[in-house]
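Overview (structure and organization)
Here is what each chain is made of, one letter per residue.
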2 protein chains.
Amino acid sequence: MDSEKCRALVTAVELGSMSAAAQQLGYTASGITRMVNALEAELGITLIARTSRGVALTSDGVALEPFLRELALTAERARQQAAAAKAC
Amino acid sequence: MDSEKCRALVTAVELGSMSAAAQQLGYTASGITRMVNALEAELGITLIARTSRGVALTSDGVALEPFLRELALTAERARQQAAAAKAC
DNA sequence: GCCAGTTACGCCGACCGTAATGATA
DNA sequence: TATCATTACGGTCGGCGTAACTGGC
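Since this is a predicted model, take the numbers as computed values, not measurements.

Residues and elements named next belong to chain A. If you walk through the whole model with that rule in mind, you get 16 salt bridges over all chains. Of the charged contacts, one joins Arg50 and Glu40 as a salt bridge, the two residues approaching to 3.1 Å between their closest N and O atoms. Within this pair, whereas Arg50 is found in strand 1 (residues 48-51), its partner Glu40 is found in helix 3 (residues 29-43), the two being separated by 10 residues in sequence. Among the charged side chains, a salt-bridge network with shared partners connects Glu14, Glu65 and Arg69.

Once turned by 180° and shifted 0.0 Å along the axis, chain A lies on chain B with an RMSD of 0.1 Å. The transformation just described matches what one would write down for a two-fold rotation axis. Within chain A, Asp2 of chain A has its C-alpha nearest the rotation axis, a separation of 2.2 Å. Of all interface residues in chain A, 100% are interface residues in chain B too; the two copies therefore contact each other through one and the same surface.

Before going further, it helps to spend a moment on the protein's contact with DNA strand C. Lining the immediate surroundings of DNA strand C are 20 residues, of which Met18, Ser19 and Arg50 of chain A together with Lys5 and Arg34 of chain B lie closest. Each atom of DNA strand C within 4 Å of the protein was classed as base or backbone; sugar and phosphate made up 68%. In the model, a phosphate oxygen of DNA strand C is placed 2.4 Å from a nitrogen or oxygen of the Arg50 of chain A side chain. At the level of elements, helix 2 (18-25), helix 3, strand 1 and strand 2 (54-57) of chain A together with helix 3 (29-43) of chain B are the ones that each hand at least two residues to the surface near DNA strand C. Per element, the largest residue contribution to the surface near DNA strand C is 4 residues, and it comes from helix 3 of chain A. Of the residues that constitute the surface near DNA strand C, the class distribution is 5 nonpolar, 11 polar and 4 charged.

Let us look at the protein's contact with DNA strand D. Inspection of the region around DNA strand D gives 22 residues, with Thr28 and Arg34 of chain A together with Met18, Ser19 and Arg50 of chain B positioned closest. In the interface set of DNA strand D, defined as its atoms within 4 Å of the protein, sugar plus phosphate atoms amount to 71%. Taking Ser19 of chain B, its side chain carries an N or O atom lying 2.5 Å from a phosphate oxygen of DNA strand D. Of all elements in the fold, only helix 3 of chain A together with helix 2 (18-25), helix 3, strand 1 (48-51) and strand 2 (54-57) of chain B reach the threshold of two or more residues within the surface near DNA strand D. When the residues that make up the surface near DNA strand D are grouped by side-chain class, the tally is 5 nonpolar, 12 polar and 5 charged.

What follows covers the side chain of Thr74 of chain B. Positionally, Thr74 of chain B belongs in helix 4 (residues 59-87). Overall, the relative accessible area of 1% leaves Thr74 of chain B in the buried class. Ignoring anything within four residues of it in the chain, the contact list for Thr74 of chain B reads Phe67, Glu70 and Leu71 of chain A.

Before going further, it helps to spend a moment on the environment of Ile48 of chain A. All names here are of chain A. Within the secondary structure layout, Ile48 lies in strand 1. Looking at Ile48, the relative accessible area reads 2%, which means it is buried. Sequence spacing of Ile48 and Thr58 is 10 residues, and the spatial spacing of their C-alpha atoms is 5.0 Å. With near-sequence residues (within four places) excluded, Ile48 lies in contact with Leu9, Val13, Met18, Val36, Glu40, Val55, Ala56, Leu57 and Thr58.

Reading the values: rules and limits
Residues numbered from 1 in each chain as written. Chains lettered and ligands numbered in written order. Predicted model: local features only at pLDDT ≥ 70, side-chain atom pairs only at ≥ 80, totals over all residues. Heavy atoms only, no water. Salt bridge = Lys/Arg side-chain N within 4 Å of Asp/Glu carboxyl O. Helix = DSSP H or I, 4+ residues; strand = E, 2+ residues; numbered from the N terminus. Least-squares fit on C-alpha atoms with pLDDT ≥ 70 in both. Contact = heavy atoms within 4.5 Å. Near = heavy atom within 4 Å. Polar contact = N/O pair within 3.5 Å; in protein donor to acceptor, adjacent residues only side chain to side chain. Nonpolar A, V, L, I, M, F, W, Y, C, P; charged D, E, K, R; others polar. Buried < 20%, exposed > 50% of the residue type's maximum accessible area, 1.4 Å probe, protein only.

Okay, here's the thing in structure tokens:
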């Protein structure tokens, strides 16, 4: 499971939009769509409901969102720790 | 950051050997080596010291190991949560 | 028509096993 | 020489942007 995909999903949910998440994370909307699709395929469940006005979590997505957010945060903390270690 | 790479590193450290981790995780030693290399490259620091008798954490590795372990565990928990959601 | 998401296409890079190589005891 | 790690090689798969497409307002 890739932390970047988790970050993509969390950001899309927070902003309510794939496009907005793409802009914020430096991807295209196409890329974000595929990241979320890949995450859903890996887990075997649908995480977000797509509408023409944006995206929202499904009930399954609500249950998993804390784990995915935690995973993205842990990756970020690991990177910061690595940067600190490198500075020493 | 890929949770599978974190699991590879944690397992290699626990078993003290890339080959043993490979056998346990269903990879070849070559694959484990590259996973660990990729993780180190992504973080920009060396995580484990290689000897001909096996592997051991560097001091940087000791500092980061909890994060990588937590990341792998969180991914595992997410998968279990997804499986539970699918069963409902 | 506009805006959001999706998909086809093509390129490039990542991944992994096999097999050969290096290093150490 | 036996064992562990690494690397070159080849095939395959995945990721990403661009551009074309679909659906709802």
